[in-house]
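Results of the structural survey
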2 protein chains.
Amino acid sequence: MGERVWLREVGPRDGLQNEPGVIATEIKVELVERLMDAGVRFIEVSSFVHPKWIPQLADADEVFARIRRRPGVELSALVPNERGLARALAAKVDAVHVFMSASESHNLKNINKTIADTYPVLRPVIEGAKAEGLVVRGYVSTVFGCPYEGKVPVSQVLSVVERLFELGVDEVALGDTIGVAVPTQVAEVVREVERIVPLDRVSLHFHDTRGMAIANMYAGFAAGVRRFDGSIGGLGGCPYAPGASGNVAMEDVLYLFNGMDVETGIEAERYLDVVAWLESKLNKPLASHARQVARSACQAT
Amino acid sequence: MGERVWLREVGPRDGLQNEPGVIATEIKVELVERLMDAGVRFIEVSSFVHPKWIPQLADADEVFARIRRRPGVELSALVPNERGLARALAAKVDAVHVFMSASESHNLKNINKTIADTYPVLRPVIEGAKAEGLVVRGYVSTVFGCPYEGKVPVSQVLSVVERLFELGVDEVALGDTIGVAVPTQVAEVVREVERIVPLDRVSLHFHDTRGMAIANMYAGFAAGVRRFDGSIGGLGGCPYAPGASGNVAMEDVLYLFNGMDVETGIEAERYLDVVAWLESKLNKPLASHARQVARSACQAT
């Protein structure tokens, strides 16, 4: 079909921050380098949130310092405030990800501010990052449903998206934080968002909590979105959302797009090797479908 | 949207035949009755294959005899040959399911005959069932890929579908036996099949081996199909296909369609109660997403 998609790997940040123990810095560095070897071009490496909040990622500065950079690869990090931005700039990130929620209650629980009070915090981060020539992405959580409020009106999503672009973000990532979206809803939200911003500035970030992530991704693709997030082995999710678990596994995303003859730029076989390697480092089986198929194929021979 | 779908439960047959032990007859009977209580209107109860091949379902006659029938519910069984048909008629099934594959190698492995040699076996079964006024469904396996041959040409699928209708089946169920289909492929196959038969005579039967089942179902729905199979707890799959496992879980299918405001006729809450009950009887956790969400919600309170 000649189509292609741009896939962002969020496992090193969103995945590893949710692991029970703290992963060694050298494993994080090797993970990112192996992902680059497999062809991944957008990697969310870590977070410059205060280590008090996420001790698992306290080594963000060191991880960035030790990665051997490659041309054409965008390494990004979550940045909550100006203090985090200073660290991110020192670490020479390629892209800064700011974040907030589309629902008030989740925003309050997650970043301890109302939505209105969040923008003034994000503004200097966005402006500071843009002044340094960095890409800035705005994550919007709970776009398709909130653990505290239930349905989130599309108008509320549009209001947050619009404001983020006014503040200067290059793109937004719409997150199904608790994994409640269904395909028709995805198509509707995409249609509405497209009225205010071109789709090449929109990513979709799905959780597979209810098994809908791949279907939602297909619906987003059919609606014209070409940017999607995935996490190696399906690691990670939102630690503040009760019952939420399971980013969509990147290897399953690769199966979807490869099967549809959509170019991803990532070599699925090599990516699956990284999954196997990461399993050995985390000492636990990763639960993606693609990994299970690969494992049973190994056992069969 | 005013849309509705017709969902067929295949767990009692396709699920329980793949359990390691033999399930007690009374559990099978109670399962079917609980499913009917939840609103399921199409249930594949058992198989009249020779007990030598599938000892787990040797009690098919007794299961049918003990179920308290309800008006408006279609109870069906797999029937491989005339001997099976005699048993099925004696058991007063409402519908007979014959089966074959779209690929030669799978057909040979599964029913020990070439495709051409299968039709003469199916003909008297179909004719005999129709003569008794029963519904006859033709399962076509390996429609989207074969474990031995890989890709299966759509022309081969069409040829089998066409021949089954010539022999008198009322409908076909197109099976992704090894769970390799992707949404664009589903849309294409549906489009081609629709050229030779109206879609109200076509069901889709997906396995979730690679995590694509819900996406494929959505693609089938978007292409106009309204009949889908699912299995309670995702139990079952094809025992003859290496690496194949995991029917799509009906409770996840219910989440998909309920979320899209598509009427299923099934009460999701009551259905989930049946899942919990079945878990207690099989003494193992069932792996569907909806069940995992229900379980973690219980633990959270």
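Residues numbered from 1 in each chain as written. Chains lettered and ligands numbered in written order. Predicted model: local features only at pLDDT ≥ 70, side-chain atom pairs only at ≥ 80, totals over all residues. Heavy atoms only, no water.

**Details of the overall build of chain A**
Helices and strands together make up the secondary structure of chain A, namely twelve helices and eight strands. Seen along its three principal axes, the alpha-carbon backbone of chain A occupies a region of about 60 × 40 × 35 Å. Classification of the 301 residues of chain A by burial places 60% in the buried group. Considering only contacts in chain A between residues 6 or more positions apart, those separated by 24 or more positions represent 74%. Element-wise, carbon and sulfur atoms account for 50% of the exposed surface of chain A, whose accessible area totals about 11500 Å². Placing the 32 positive and 39 negative side-chain charges of chain A at their respective mean positions leaves the two points 3 Å apart. (Helix = DSSP H or I, 4+ residues; strand = E, 2+ residues; numbered from the N terminus. Buried < 20%, exposed > 50% of the residue type's maximum accessible area, 1.4 Å probe, protein only. Contact = heavy atoms within 4.5 Å. Areas by Shrake-Rupley, 256 points an atom, 1.4 Å probe, with all protein chains shown as cover. Lys, Arg positive; Asp, Glu negative; His and termini not counted. Charge placed at Lys NZ, Arg CZ, Asp CG, Glu CD.)

**Observations concerning the sheet that holds strand β8 (residues 227-230) of chain A**
In a beta sheet, neighbouring strands pair by backbone hydrogen bonds and run either parallel or antiparallel. All names here are of chain A. With respect to topology, eight strands assemble into a closed barrel ordered β1-β2-β3-β4-β5-β6-β7-β8, the strand pairing being parallel. The average angle at which neighbouring strand axes cross in this sheet is 25°, direction not considered. Sheet topology places strand β1 (residues 6-9) next to strand β2 (residues 42-47); two bridges connect them, and they run parallel. What sits directly across from Arg8, in β2, is Phe42. Packing against the sheet, helix α5 (residues 104-111) makes contact with β4 (95-101) and β5 (135-141), and its axis sits at approximately 125° to β4. Against the sheet, helix α10 (residues 250-259) touches β1 and β8, its axis set at about 170° to β1. (Pairing = 2+ DSSP bridges. Axes fitted to C-alpha atoms, helices over the stretch in contact; angles between N-to-C directions.)

**Thoughts on the relation of the copies chain B and chain A**
Each copy superposes on the other: chain B lies on chain A with an RMSD of 0.0 Å after a rotation of 180° and an axial shift of 0.0 Å. What the rotation and shift describe, once combined, is the action of a two-fold rotation axis. Residue Ala215(B) of chain B places its C-alpha closer to the rotation axis than any other residue of that unit, at 1.8 Å. Of the interface residues in chain B, 100% have counterparts in chain A that sit at the interface too, so the contact is made through matching surfaces. (Least-squares fit on C-alpha atoms with pLDDT ≥ 70 in both.)

**Observations concerning the packing of aromatic side chains**
For the structure shown, the criterion picks out nine aromatic pairs over all chains. Here Tyr218(A) and Tyr218(B) contribute two aromatic rings whose centre-to-centre distance is 6.3 Å and whose plane-to-plane angle is 75°, an arrangement assigned as edge-to-face. Within this pair, whereas Tyr218(A) is found in helix α9 (residues 213-222), its partner Tyr218(B) is found in helix α9 (residues 213-222), the two belonging to separate chains. Judged by relative accessible area, which is 12%, Tyr218(B) ranks as buried. Members of the aromatic cluster, connected to one another through ring pairs, are Phe221(A), Phe228(A) and Phe257(A). One cation-aromatic arrangement involves Arg227(A) over Trp6(A); the distance from NZ or CZ to the ring centre is 5.0 Å. (Phe/Tyr/Trp six-rings, centres within 6.5 Å; stacked < 30°, edge-to-face > 60°. Lys NZ or Arg CZ within 6 Å of the ring centre and 35° of its normal.)

**Thoughts on the side chain of Glu279(B)**
Structurally, Glu279(B) is set in helix α11 (residues 268-282). Apart from the residues within four sequence positions on either side, Glu279(B) is in contact with Lys284(B), Pro285(B), Leu286(B), Arg291(B) and Arg295(B).

**Re the interface of chain B and chain A**
With 23 residues of chain B at the contact, the number on the chain A side is 23 residues. Approximately 2100 Å² of surface area, both sides summed, lies buried where chain B meets chain A, with 72% of it carried by carbon and sulfur atoms. Applying the counting criterion to the chain B and chain A interface returns zero salt bridges. The interface formed by chain B and chain A includes eight residue pairs in polar contact (both at pLDDT 80 or more). Secondary-structure elements contributing two or more residues to the side of chain B that touches chain A are α8 (183-194), α9, α10 (250-259) and α12 (289-300) of chain B. Class assignment for the residues of the side of chain B that touches chain A results in 13 nonpolar, seven polar and three charged. (Buried area = accessible area lost by both parts, 1.4 Å probe. Salt bridge = Lys/Arg side-chain N within 4 Å of Asp/Glu carboxyl O. Polar contact = N/O pair within 3.5 Å; in protein donor to acceptor, adjacent residues only side chain to side chain. Nonpolar A, V, L, I, M, F, W, Y, C, P; charged D, E, K, R; others polar.)

**Notes on the confidence of the model for chain A**
In this model, chain A carries an average pLDDT of 94, and 95% of its residues clear a pLDDT of 70 or more. Here residues 239-244 of chain A is modelled with pLDDT under 50, and outside its nearest four sequence neighbours on either side it reaches 16 contacts, counting other chains as well. (pLDDT = per-residue confidence, 0-100.)

**Remarks on the pairing of strand β7 (residues 202-206) of chain A**
The side chains of a regular strand alternate, residue by residue, between the two faces of the sheet. All names here are of chain A. Burial of β7 is extensive: five of the five residues sit out of reach of the surface. Here β7 shows no split at all, with Val202, Leu204 and Phe206 on one side and Ser203 and His205 on the other all buried. Pairing of strand β6 (residues 171-176) with β7 involves five bridges; the strand directions are parallel. From the neighbouring strand, Ala173 faces β7, where its bridge partner is Ser203.

**Focus: empty space enclosed by the protein**
All names here are of chain A. One pass over the structure, following the stated rule, counts two cavities of 30 Å³ or more. Its boundaries defined by the atoms lining it, the largest cavity holds a volume of some 60 Å³. Around the largest cavity, the lining residues are Trp6, Leu7, Arg8, Phe42, Arg137, Glu171, Ser203, Arg227, Phe228 and Asp229. Only β1 and β8 provide two or more residues apiece to the lining of the largest cavity. By residue class, the composition of the lining of the largest cavity is four nonpolar, one polar and five charged. (1 Å grid on protein atoms, 1.4 Å probe; cavity = no way out; pocket = protein on both sides within 12 Å on 5 of 7 lines; lining within 4 Å. Points joined across faces, edges and corners; volume = space filled by probe spheres on them.)

**Overview of the pairing of β4(A)**
Residues and elements named next belong to chain A. Counting buried positions along β4 yields seven of seven residues, so the element is predominantly enclosed. Alternating positions in β4 separate into two faces, Ala95, His97, Phe99 and Ser101 on one and Val96, Val98 and Met100 on the other, with burial throughout. Sheet topology note: the strand β3 (residues 74-78)/β4 ladder contains three bridges and is parallel. Bridge pairing in β4 links Ser76 to Ala95. After leaving β3, the chain enters helix α4 (residues 82-90) and then returns to the sheet as β4, a path that is right-handed. As paired strands, β4 and β5 are joined by seven bridges and run parallel to one another. From the neighbouring strand, Phe99 faces β5, where its bridge partner is Tyr139. (Right-handed = clockwise from strand over helix to strand, strands pointing away.)

**Observations concerning unusual backbone geometry**
Residue and element names in this part refer to chain B. The backbone phi angle of Asn112 is positive, close to 65°, even though this residue is not glycine. Mapped onto the secondary structure, Asn112 falls in the loop between α5 (104-111) and α6 (115-131). A positive phi angle is found at Asp261, which is not glycine, with a value near 60°. Within the fold, Asp261 resides in the loop between α10 and α11. Its relative accessible area of 57% is what places Asp261 among the exposed residues.

**Points about the environment of Phe228(B)**
Residues and elements named next belong to chain B. Relative to the helices and strands, Phe228 is located in strand β8 (residues 227-230). You can call Phe228 buried: its relative accessible area is 1%. Not counting residues within four places of it along the chain, the set of residues in contact with Phe228 comprises Val5, Trp6, Leu7, Arg8, Leu204, Met217, Gly220, Phe221 and Phe257.

**Concerning the nonpolar core**
Counting 192 residues, the largest nonpolar core has Leu174(A), Phe257(A), Tyr271(A), Leu174(B), Phe257(B) and Tyr271(B) as the members making the most contacts within it. Leave out the neighbours within four places in its chain, and Tyr271(A) touches Glu9(A), Leu35(A), Ala38(A), Val40(A), Ser231(A), Ile232(A), Met250(A), Glu251(A), Leu254(A) and Ile266(A). (Core = buried A, V, L, I, M, F, W, Y, C linked by side-chain atoms within 4.5 Å.)

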